[in-house]
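Breakdown of the fold
Now for the letters of each chain:
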Amino acid sequence: MLERGVCPRCGQKMTYLERRQIGGNVYLYGVHVKKEMKKRTVKKCYLGPESQYINVSHMHRDENLVLRGLMSYDRAIEYLRRIADYLRTEKLREEERNLLSQVTRELMSISGIQESIGDSIRITKDELQDILMYYDRRDTRRMSKEGKDRAREIFRKVFSSGRKILDVEG
Ligand SMILES: [Zn+2]
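Analysis parameters
Residues numbered from 1 in each chain as written. Predicted model: local features only at pLDDT ≥ 70, side-chain atom pairs only at ≥ 80, totals over all residues. Helix = DSSP H or I, 4+ residues; strand = E, 2+ residues; numbered from the N terminus. Expected span 1.5 Å × (residues − 1). Pairing = 2+ DSSP bridges. Axes fitted to C-alpha atoms, helices over the stretch in contact; angles between N-to-C directions. Buried ≥ 20, exposed ≤ 12 C-beta atoms within 10 Å, placed from the backbone. Contact = placed C-beta atoms within 7 Å. pLDDT = per-residue confidence, 0-100.

**Notes on helix α5 (residues 125-136)**
Think of an α-helix as 3.6 residues a turn; residues three or four steps apart then line up on the same face. With 12 residues, α5 extends 17 Å between its outermost C-alpha atoms, agreeing within 8% with the 16 Å of an ideal straight helix rising 1.5 Å per residue. Within two residues after α5, arginine 137 carries a phi angle of roughly 60°, on the positive side.

So this is what it looks like as structure tokens:
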């Protein structure tokens with residue numbers, strides 16, 4: 001963002017980036033110079049210490065993230081959007097997906113709409129077959145005891161109260 005000349009604070013194009021040394025630290029300001037009705041206005045946006053930008057923006061280049069001097073709700077949401085965009089391009093491993101769904105549930109809980117999502121039950125295609133077989137009460141003799149138990153368990157979960165999501169793998 002900084003490199004592309006966009007002010008991370010207000011989102012407008014910076015005329016230039018100002019580095020101001022105070023004490024031992026360097027602080028950054030996004031400077032916007034505008035000319036309106038022949039009147040020149042200068043707006044300066046405080047962006048925080050330079051060290052923060054350099055370290056973090058390099059560290060998180062892959063995620064296309066730049067930590068900004070100030071944290072706010074809007075920025076936090078923007079980070080989440082970018083993280084979502086990044087994750088969409090990644091091939092996630094099983095553990096990673098589990099961790100992600102855990103974090104997602106935490107976020108859902110913060111947003112207050114957790115209930116509408118309900119529990120997600122992850123099953124394989126074979127297990128889905130077993131559940132349908134169990135449901136139809138046919139061919140259950142061909143199923144293993146474990147398969148039957150699992151099918152019964154999932155069947156009960158799915159048809160218990162509250163909306164459930166059946167997440168079928170593969
Ligand atoms: Zn600005």
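**Brief notes about the pairing of strand β2 (residues 25-36)**
In terms of strand pairing, strand β1 (residues 16-22) meets β2 through 7 bridges, oriented antiparallel. Considered in β2, the bridge of tyrosine 16 is made with valine 31. With 10 bridges connecting them, β2 and strand β3 (residues 39-49) associate as antiparallel partners. Bridging across to β3, lysine 34 finds its partner in threonine 41.

**Focus on the sheet that holds β3**
Spatial strand order, β1-β2-β3: 3 strands in an open sheet with antiparallel pairing. Of all the strands in the sheet, just β1 and β3 have a single pairing partner and so form its edges. Taking each pair of neighbouring strands and ignoring which way they run, the sheet shows an average axis angle of 30°.

**What about unusual backbone geometry?**
Even without being a glycine, methionine 37 presents a positive backbone phi close to 50°. Its place among the elements puts methionine 37 in the loop between β2 and β3. Note on methionine 37: 5 C-beta atoms within 10 Å, which makes it exposed. One non-glycine residue, lysine 38, adopts positive backbone phi at about 65°.

**Things to note about the environment of arginine 122**
For arginine 122, the position within the fold is in strand β4 (residues 120-123). With 15 C-beta atoms counted inside 10 Å, the residue arginine 122 sits in the partly exposed group. A C-alpha to C-alpha distance of 6.0 Å links arginine 122 and valine 168, two positions 46 residues apart in sequence. Not counting residues up to four positions away in its chain, the partners in contact with arginine 122 are Asp167 and Glu169.

**Some remarks on the confidence of the model for the protein**
Averaged over all residues, the pLDDT of the protein equals 74, while 74% of them reach at least 70. Mean pLDDT across the secondary structure elements of the protein bottoms out at helix α4 (residues 114-117), with 50, and peaks at β3, with 87.

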